[in-house]
Amino acid sequence: MSEVSAGREVEAAEVASLLEKIQEGDREAFMTIIKLYQQKVFVMAYSILRDREDALDAVQETFLRLYQKAGLYRPGNSFQGWLLQMAKNISIDSYRKHQRKRRDWETTKPLDEIPVAAEPARDGDSASSDLRAAFARSVDTLAERQKLVFIMRHYNELQFNEISQTLKISIGTAKSLHFKAVQNLRKRLAPVLGIEP
Amino acid sequence: MDEHLEKHLESRAEAEAIERLLRETESVRSEIRQAAASVNWDALPTVIADRALVAGDKAARQAPDSRSWPWLAAFRMKPVLAGLAAGLVVGAAAMYLALRTPGVRDGRDNAYYASGEFLDRAELEMARRNTVDYLEKSQYVLLDVFESAGEGPVVPASVRSERARDLLQKKQYLNGQLERFQMAKAKAICDQIEMLFRELAQIDDELPAAELGRIRGYVEERQLFLKINLVKKELQSGV
């Protein structure tokens, strides 16, 4: 995911100075922060929402919130952790809102009951796309904290210390949640992967 | 570690299973990479910065200035007093609304405000009605085709293609609403109908019997009438 991640690591002092300028309404400073972190925020949002447009909305919302709350950042803490935490909360809210909307506005009957004239999957792709779909579904059904740790570790490629800062949990808890997530995924995907449960 | 895995077959199998599982994360990462590659990252900061500045200006305009209204700050500090005052204001307003004589209001009273949620619901209801309307009109056009293929009265082909073109235009407008409110089932059926209308819209002359039969076969095979009725019913019942 390195090409998706921000171009460079940012010094804490530089971030603090940019945030100060943002509080004074400095547009350039705000744009610099966005350029530095927009792709990381996108990865976080997309990992949770799995929809490009929704993820872009969440990215915009995250930075708008940052603009309003730049003064709440406490120097000494990880800025990236703080920002990703905001992105995570916004994405989860958006995910729940969409889920609720779907529940409210869609009928309970699955769409499959009404066959649509969709193109059938090509034979060669079907096995791998089945596995991918099963994998995505299984990650979705993990308990929320396990899911978040798994997403941050494998999609955002964050270290456990960064995950612990973002989720405000200890490194040990992050590792334990990750272990449980992997075990649960292994259990759920055993039939698809052809391994013993 | 390698030594351990060589000796213990169970551990090796377990390690392989976990490795295989984690390989699947790569497919999701590649999906994310693909989605990220299609974003214009150079333009996004400008868009967000513009939005932030507009939102900031609006907030600044709306924020009450407590320095110029010191008594307002006092109210905030005394919830009981504030509650009492609010009760008086609301009560007076309710009395006014209940007892005022009806009459012509001036222009200012015509303005009204609605919550975002209310507007969302209203838009959803509009989307539902538009979809039901589209489906009903589509049914009529399809019935015309059916009657042309059978023995019923025939609608001129030019009229039929004109109607199909109208409905295609309507569908363009409907697409946004269907997607916005994630009416997946309705969209699926509307998309199928749209495919048929694209063909019909291009034919101003009478269709040969074989062609009519083919369209009829398509409609029957996919049970379009049944599905249209089901989706209409669901939309009308507001499920």
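Keep in mind it's a predicted model, so treat the numbers as computed, not measured. (Residues numbered from 1 in each chain as written. Chains lettered and ligands numbered in written order. Predicted model: local features only at pLDDT ≥ 70, side-chain atom pairs only at ≥ 80, totals over all residues. Heavy atoms only, no water.)

Trainee: Just to check I follow, could you spell out the overall build of chain B for this structure?
Mentor: Scanning chain B from terminus to terminus reveals 10 helices and zero strands. Seen in sequence order, chain B has helices and strands lined up from the N terminus as α-α-α-α-α-α-α-α-α-α. Considering only contacts within chain B whose residues lie at least 6 apart along the sequence, 72% involve residues at least 24 apart. Carbon and sulfur atoms make up 58% of the accessible area of chain B, which totals about 15,500 Å². (Helix = DSSP H or I, 4+ residues; strand = E, 2+ residues; numbered from the N terminus. Contact = heavy atoms within 4.5 Å. Areas by Shrake-Rupley, 256 points an atom, 1.4 Å probe, with all protein chains shown as cover.)

Trainee: I would appreciate a short explanation of the overall build of chain A in the present structure.
Mentor: From N to C terminus, chain A includes eight helices and zero strands. Helices and strands in chain A line up, N terminus first, as α-α-α-α-α-α-α-α. A fraction of 64% describes how many contacts in chain A between residues 6 or more apart in sequence connect residues 24 or more apart. Of the roughly 10,400 Å² of accessible surface on chain A, a fraction of 46% belongs to carbon and sulfur atoms.

Trainee: Could you clarify how one ought to interpret the packing of aromatic side chains in this entry?
Mentor: For any pair of aromatic rings, the description rests on two quantities: the centre-to-centre distance and the angle between the ring planes. Residue and element names in this part refer to chain A. As enumerated under the stated definition, the model contains nine aromatic pairs over all chains in all. Ring centres of Phe79 and Trp82 lie 6.0 Å apart, and the angle between their planes is 45°; this geometry places the pair in the tilted category. With Phe79 and Trp82 both in helix α4 (residues 79–105), this residue pair falls three residues apart, about one helical turn. In this pair, the class of Phe79 matches that of Trp82, namely buried. (Phe/Tyr/Trp six-rings, centres within 6.5 Å; stacked < 30°, edge-to-face > 60°. Buried < 20%, exposed > 50% of the residue type's maximum accessible area, 1.4 Å probe, protein only.)

Trainee: Honestly, a nonpolar patch on the surface in this entry has me stumped. Any pointers?
Mentor: Residue and element names in this part refer to chain B. Residues Val80, Leu81 and Leu84 make up a contiguous nonpolar surface patch of roughly 320 Å² in combined accessible area. With respect to the helices and strands, Leu84 occurs in helix α5 (residues 79–99). Residue class for Leu84 comes out exposed when judged on its relative accessible area of 54%. (Patch = residues over 30% accessible without salt bridge, like charges linked within 9 Å, V, L, I, M, F, W, Y side chains within 5 Å. Salt bridge = Lys/Arg side-chain N within 4 Å of Asp/Glu carboxyl O.)

Trainee: Which parts of the structure should I look at to understand empty space enclosed by the protein?
Mentor: Rolled over the atoms, a probe as big as a water molecule pinpoints where empty space is left. Residues and elements named next belong to chain A. Enumeration according to the criterion identifies two cavities of 30 Å³ or more in this entry. Considered as a void within the structure, the second largest cavity measures approximately 30 Å³ in volume. Forming the walls of the second largest cavity are Ser47, Ile48, Arg50, Ala136, Val139, Asp140, Ile151 and Tyr155. Among the elements of the structure, α2 (27–49) and α5 (123–140) are those that each provide at least two residues to the lining of the second largest cavity. In terms of residue count, the dominant contributor to the lining of the second largest cavity is α5 (three residues). Here the lining of the second largest cavity is composed, by residue class, of five nonpolar, one polar and two charged. (1 Å grid on protein atoms, 1.4 Å probe; cavity = no way out; pocket = protein on both sides within 12 Å on 5 of 7 lines; lining within 4 Å. Points joined across faces, edges and corners; volume = space filled by probe spheres on them. Nonpolar A, V, L, I, M, F, W, Y, C, P; charged D, E, K, R; others polar.)

Trainee: Explain the interface of chain A and chain B to me, please; I cannot follow it from the model alone.
Mentor: A common way to express how large an interface is: the accessible area buried when the components associate. If you look at the interface, chain A gives 50 residues, while chain B gives 47 residues. When chain A packs against chain B, close to 4,900 Å² is buried across both sides, 67% of that on carbon and sulfur atoms. Counting the contacts that link chain A with chain B gives two salt bridges. One salt bridge connects Arg50 of chain A with Glu31 of chain B, and the closest N-O pair in it is separated by 2.8 Å. Put simply, the parts of the chain that give the side of chain A that touches chain B at least two residues each are α2, α3 (52–69), α4, α5, α6 (144–154) and α8 (171–193) of chain A. The dominant element in the side of chain A that touches chain B, judged by the number of residues it contributes, is α2 of chain A, at 11 residues. Class assignment for the residues of the side of chain A that touches chain B results in 28 nonpolar, eight polar and 14 charged. (Buried area = accessible area lost by both parts, 1.4 Å probe.)

Trainee: Honestly, the pattern of salt bridges in this entry has me stumped. Any pointers?
Mentor: Once their charged atoms are close, side chains differing in charge can pair, the charge on each being opposite to the other. Applying the stated rule across the entire model yields 22 salt bridges over all chains. Here Arg52 of chain A ties to Glu53 of chain A by a salt bridge, and the two come within 2.4 Å at their closest N and O atoms. Notably, a salt bridge pairs Asp191 of chain B with Lys171 of chain B, separated by 2.6 Å at the nearest N-O pair. Of this pair, Asp191 of chain B sits in helix α8 (residues 184–201) while Lys171 of chain B sits in helix α7 (residues 157–180), placing them 20 residues apart in sequence. For Asp191 of chain B, a relative accessible area of 26% translates into the label partly exposed. A relative accessible area of 0% means that Lys171 of chain B is categorised as buried.

Trainee: Whenever I open this one, the side chain of Asn184 of chain A confuses me. Can you help?
Mentor: Residue and element names in this part refer to chain A. Within the secondary structure, Asn184 is located in helix α8. Take Asn184: its relative accessible area is 19%, and that puts it in the buried class. Among the polar contacts made by the side chain of Asn184, one reaches the side chain of Gln146 at a distance of 2.8 Å. Each residue touching Asn184, except ones within four places of it in the same chain, is listed here: Leu142 and Gln146. (Polar contact = N/O pair within 3.5 Å; in protein donor to acceptor, adjacent residues only side chain to side chain.)

Trainee: Would you explain the packing of α8 of chain B against helix α10 (residues 224–237) of chain B in this entry?
Mentor: For any two helices packed against each other, one specifies the inter-axial angle together with the distance between the axes. Residue and element names in this part refer to chain B. In the contact formed by α8 and α10, the axes pass within 10 Å of each other and the chain directions differ by 140°. Regarding the angle of α8 to α10, the classification is oblique. Note on packing geometry: the crossing formed by α8 with α10 is left-handed. Seen from α8, the contacting residues are Lys185, Ala186, Ile189, Gln192, Ile193 and Leu196; seen from α10, they are Leu224, Lys227, Ile228, Val231, Glu234 and Leu235. Its residues assigned to classes, the contact of α8 with α10 shows eight nonpolar, one polar and three charged. (Axes fitted to C-alpha atoms, helices over the stretch in contact; angles between N-to-C directions. Parallel < 35°, antiparallel > 145°, perpendicular 65-115°, else oblique. Left-handed = near helix turned anticlockwise from the far one by under 90°.)

Trainee: Honestly, the confidence of the model for chain A in this entry has me stumped. Any pointers?
Mentor: As a note on interpretation, predicted positions should not be read in detail where pLDDT is low. Residues and elements named next belong to chain A. Model confidence for chain A is summarised by a mean pLDDT of 79, while 77% of its residues fall at 70 or above. Per-element mean pLDDT across chain A ranges from 68 in α5 up to 93 in α3. Contacts from residues 1–8, a stretch scored under 50 in pLDDT, to residues over four places away or in other chains number 20 contacts. Of the regions scoring below 50 in pLDDT, residues 109–124 engages in 16 contacts with residues more than four places distant in sequence or in other chains. (pLDDT = per-residue confidence, 0-100.)

Trainee: Is there a simple way to explain the packing of α8 of chain B against helix α9 (residues 209–221) of chain B in this structure?
Mentor: All names here are of chain B. Here α8 crosses α9 at 170°, and the two axes come no closer than 11 Å. Classified by the angle between their axes, α8 and α9 sit roughly antiparallel to one another. From α8, Gln192, Met195, Leu196, Glu199 and Leu200 reach across to α9, where they touch Glu211, Arg214, Ile215, Tyr218 and Val219. Of the residues in the contact of α8 with α9, the class split is six nonpolar, one polar and three charged.

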